[in-house]
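Residue-level structural notes
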Amino acid sequence: MFYEMMIEKNFSTGLNTRMIWIEENSTFEQLHQQVLEVFKENSPKNHSFRIIRSNGKKQSGTTIQQQSFTDQADADPFDYNDESESTRLFADCLYEKDVVLKSYFKKTGDSAAYTSVQDSPNEYTLTLNKILSPAATILAQLNQIVDLSPERGESYDNLKEQLNSLTQLLGTSAEKTKTATSGPKPTQLYSFKITLEDVGVPVWRKVQVLSNSTFLELHKIIQILFDWQDEHLHDFMIQKSKGIRQKNVTIESADSDPTFANFFFKDEQTSYTEEKEHLHDHFLVEKDQALYTYDFGDDWRHKIVLEKILEPAEGMVYPVCTAAKNDAPYEDSRHEVLHGELSLLNSNAKAIVADVNAELARRMHHKKMSRKKK
């Protein structure tokens, strides 16, 4: 899909307005380049975007900036160290080359402020006017070109340039249509490492899960992996999707209380239900991450990292646990863990894996086989 966006440049003498069309998967860096092109301006010394409205709701505090010279190494916003079994979040910073427009422009009326600084700052307001199909986008551009025909004062060279741009857009749309008709991607196999945080010693499990599984199924799998009893509330928070840092994207169970969740978040949340969301909706590339929290009293936090994307083995039944380290604490034992009264050390990793897979076979595989019989 394409976005029809209205750009207003705020002059001291009034507004200068332009209309652009840009693909929804374009980055904010590409949007920056298009703003310069449509206003025929040189690249500024520095610039940034500030989200004003997203998904129909007012926003504050979300700034998307250009990549600084000190960050040209393209550091991963999450430092994932497999050896130390830990993850660490770097400074909260969004770069325009990493963020796609559809992450924030979701509904008509969503908007952002664009500030460019040359000798003095220039202010622009970018507003999502319409969401169009490729064909509708081409028609809209044709109508604009007709309005700017030479008989109405537009130079031939400028008109020719716009027609060339339209031809390129048509080629892009045809290629995307060809790709779309090739059919859906086959089910893949996700190899996750799930680490229980803040328990004094490394406690983790590695598990292979089919990519079309729901988050409800992943919840049940985690309960088995760590020997929880599903006696408390839980939720998922997406932290990184398609390699891009996410904020306040939660996946909740049907019995979650949104009032309880909103108490902890000042910003607006994007919430989904775990019964309807599939893993492949959010885990798209290796190192995508989420946080699973179980029991909001004891606050057991599990870091979920997509380590590998594989092909399912023929005849293999999933999910399956492939590796483990140390025991998980039992229900309602946060006090014992904090005071060192509970030892989680267990050197027999093979026994842990065997026990987990036996329970997965009993509670997960058996149910799937029962459904097939019906």
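These lines cover the structure that appears in this document, whether it is placed above or below. Each residue is numbered by its place in its chain's sequence as written, counting from 1. For a predicted model such as this one, the threshold for reporting local features is a pLDDT of at least 70, and the threshold for listing and counting side-chain atom pairs is 80 or more; totals across whole chains, interfaces and linings nevertheless cover every residue. Values shown for side chains rest on all heavy atoms present in the structure; no hydrogens or waters enter the calculation.

**Here we look at the pattern of salt bridges**
Put simply, the rule is: By convention in these notes, a salt bridge is any Lys or Arg side-chain nitrogen within 4 Å of a carboxyl oxygen on Asp or Glu. A run of DSSP states H or I qualifies as a helix once it reaches four residues; a run of E qualifies as a strand once it reaches two. Both are numbered from the N-terminal end. Only protein chains enter the area calculation, which uses a 1.4 Å probe; residues under 20% of their type maximum are buried, those over 50% are exposed, and those in between are partly exposed.
Overall, the coordinates contain six salt bridges when judged by the stated rule. Here K9 makes a salt bridge to E41, at a shortest N to O gap of 2.3 Å. Linking K9 in strand β1 (residues 2-11) with E41 in the loop between α1 (28-39) and β3 (46-54), this pair joins segments that are 32 residues apart in sequence. Residue K9 is classed as buried on the basis of its relative accessible area of 8%. On the accessibility criterion, E41 (23% relative accessible area) is partly exposed. The salt bridge involving D98 is made with K97; its shortest N-O contact spans 3.1 Å. A relative accessible area of 31% means that D98 is categorised as partly exposed. We classify K97 as partly exposed; its relative accessible area is 29%. It is possible to trace a salt-bridge network through shared partners that takes in E359, R362 and R363.

**Side note on the nonpolar core**
Heads up, the condition is: Take the buried residues of types Ala, Val, Leu, Ile, Met, Phe, Trp, Tyr and Cys, join any two whose side-chain atoms come within 4.5 Å, and each joined set is a nonpolar core. Residue contacts are defined here by distance: any two heavy atoms, one from each residue, within 4.5 Å place the two residues in contact.
Ranked by size, the top nonpolar core spans 38 residues in total, and within it F192, F226, F283 and I304 carry the most contacts. Here the element with the most residues in this core is helix α4 (residues 215-225); it accounts for six residues. Once residues lying within four places of it in the same chain are set aside, the contact partners of I304 are F192, K193, I194, L218, I222, F236, F283, D288, Q289, A290 and Y292. F28, F39, V99 and V100 belong to the second largest nonpolar core, which has 25 residues in total.

**Considering the sheet that holds strand β13 (residues 234-241)**
Rule in force here: What makes two strands pair is DSSP finding at least two bridges between them. Axes, fitted as lines to C-alpha atoms, cover a helix only where it is in contact. Angles between the N-to-C directions of the axes lie from 0 to 180 degrees.
Spatially, the eight strands line up as an open sheet ordered β15-β14-β13-β16-β17-β11-β12-β18, and their pairing is mixed. The sheet is open, and its two edges are formed by β15 (270-273) and β18 (320-325), each paired on a single side. Put simply, the sheet's adjacent strands are angled 25° from each other on average, direction ignored. Lying on the sheet, α4 is in contact with β11 (189-196), β12 (203-210), β13, β14 (244-252), β16 (289-294), β17 (300-310) and β18; it crosses β13 at an angle near 110°.

**Section: a negative patch on the surface**
Note the threshold: Here the term patch refers to residues with relative accessible area over 30% and no salt bridge, with like charges joined within 9 Å and nonpolar side chains (Val, Leu, Ile, Met, Phe, Trp, Tyr) within 5 Å. Surface accessibility in these figures is a Shrake-Rupley result with a 1.4 Å probe; residues are shielded only by whichever protein chains are displayed. By the counting rule applied here, Lys and Arg register as positive and Asp and Glu as negative, while His and the ends of each chain are not counted. The location of each charge is read from NZ of Lys, CZ of Arg, CG of Asp or CD of Glu.
There is a patch of like negative charges on the surface, built from D230, E231, D255, E275 and D332. Positionally, D332 belongs in the loop between β18 and α6 (334-338). Using a relative accessible area of 44% as the deciding quantity, one classes D332 as partly exposed.

**Focus on unusual backbone geometry**
The omega torsion across Y318 and P319 is 10°, close enough to zero to call that bond cis. The topology assignment puts P319 in the loop between β17 and β18. Of note, the phi angle at K287 is positive, near 80°, even though the residue is not glycine. Relative to the helices and strands, K287 is located in the loop between β15 and β16.

**Notes on α1**
Convention followed: Any helix carries an expected span of 1.5 Å times its number of residues minus one. Read the arc as the range of directions from the helix axis to the C-beta atoms.
Between its terminal C-alpha atoms α1 stretches 17 Å, which fits the 16 Å expected from twelve residues at 1.5 Å a residue. Taken together, the buried positions of α1 are occupied by F28, L31, H32, V35, L36 and F39. All buried residues of α1 fall inside an arc of 140° around its axis, so they share one side. Downstream of α1 by one or two residues, K40 has phi in the positive range, about 55°.

**What about the pairing of β16?**
Most of β16 sits inside the fold, with six of its six residues counted as buried. Of the two faces of β16, the one holding Q289, L291 and T293 and the one holding A290, Y292 and Y294 are both buried throughout. Bridge analysis of β13 against β16 gives six bridges, and the strand direction is antiparallel. Of the residues in β16, the one forming a bridge with D235 is T293. Connecting the antiparallel pair β16 and β17 is a turn made up of five residues, with D295 showing a positive phi of about 65°.

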